[in-house]
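Descriptive analysis of the structure
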Amino acid sequence: QRGVNGWLPIDGEQYAELDADWQGPTGGGNEQASVAIGQTIATIPGKTYTLSWHFSPRPNTNGAENKLDVSVDGGVVKTNTAAGGGANTWEKDSYTFVATDDE
């Protein structure tokens, strides 16, 4: 997203909205549009890693519709959820784990 409804990223000029409105703010909305972002990271088995991210609930949306599941090695390790107010409200979160494989 960039500049949609005046909502701002935590840093820079853009952010990813995982429960996007494919038709845009004037297209009627309410269509099923949840997406996922993934990244494979090279790791060393036995080493400790910390994954961190910022989460903001979609403004003006209830908590049941604002959910972020974070997975490591195929399993959900953290869930962020909150009701959205009138603007983005970014919160930092993280998860620390010991690698069991090389990615």
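Quick caveat, the model's predicted, so the values are computed rather than measured.

**What to know about the overall build of the protein chain**
Scanning the protein chain from N- to C-terminus turns up zero helices and four strands. Scanning the protein chain from its N terminus toward the C terminus, one meets helices and strands in the order β-β-β-β. A separation of at least 24 residues holds for 56% of the contacts in the protein chain among residues at least 6 apart in sequence.

**A short note on the packing of aromatic side chains**
According to the stated counting rule, one finds three aromatic pairs in the structure shown. When the ring of Tyr95 is compared with that of Phe97, the centres are 6.1 Å apart and the planes differ by 15°; the resulting orientation is stacked. Take Tyr95: its relative accessible area is 25%, and that puts it in the partly exposed class. Under the relative-accessibility criterion, Phe97 is labelled buried at 19%. In textbook terms, an aromatic cluster arises when at least three aromatic residues are bridged by ring pairs, as seen for Tyr49, Tyr95 and Phe97.

**Details of the pattern of salt bridges**
Summed over all chains, the structure comprises two salt bridges. Of the charged contacts in the structure, one is a salt bridge between Lys67 and Asp69, with a shortest N-O distance of 3.8 Å. The shortest N-O distance in the salt bridge between Lys78 and Asp93 comes to 2.7 Å. Of this pair, Lys78 sits in strand β3 (residues 75-81) while Asp93 sits in strand β4 (residues 91-98), and the two are 15 residues apart along the sequence.

**A look at unusual backbone geometry**
Unusually for a residue other than glycine, Asn60 sits at a positive phi of about 60°. One can find Asn60 in the loop between β1 (48-55) and β2 (67-72). The phi dihedral of Asp73 is positive, around 55°, even though this residue is not glycine. Structurally, the position occupied by Asp73 is in the loop between β2 and β3.

**Considering the side chain of Ser56**
By the secondary structure assignment, Ser56 is in the loop between β1 and β2. Here Ser56 falls in the buried class, since its relative accessible area comes to 14%. Within the structure, the side chain of Ser56 is placed 3.5 Å from the side chain of Asn88, a separation counted as a polar contact. There is a polar contact of 2.9 Å between the side chain of Ser56 and the backbone nitrogen of Thr89.

**Details of the environment of Gln39**
Inspection of the secondary structure assignment puts Gln39 in the segment before β1. We classify Gln39 as exposed; its relative accessible area is 71%. Separated by 64 residues in sequence, Gln39 and Glu103 place their C-alpha atoms 9.9 Å apart.

Parameters and conventions
Residues numbered from 1 in each chain as written. Predicted model: local features only at pLDDT ≥ 70, side-chain atom pairs only at ≥ 80, totals over all residues. Heavy atoms only, no water. Helix = DSSP H or I, 4+ residues; strand = E, 2+ residues; numbered from the N terminus. Contact = heavy atoms within 4.5 Å. Phe/Tyr/Trp six-rings, centres within 6.5 Å; stacked < 30°, edge-to-face > 60°. Buried < 20%, exposed > 50% of the residue type's maximum accessible area, 1.4 Å probe, protein only. Salt bridge = Lys/Arg side-chain N within 4 Å of Asp/Glu carboxyl O. Polar contact = N/O pair within 3.5 Å; in protein donor to acceptor, adjacent residues only side chain to side chain.

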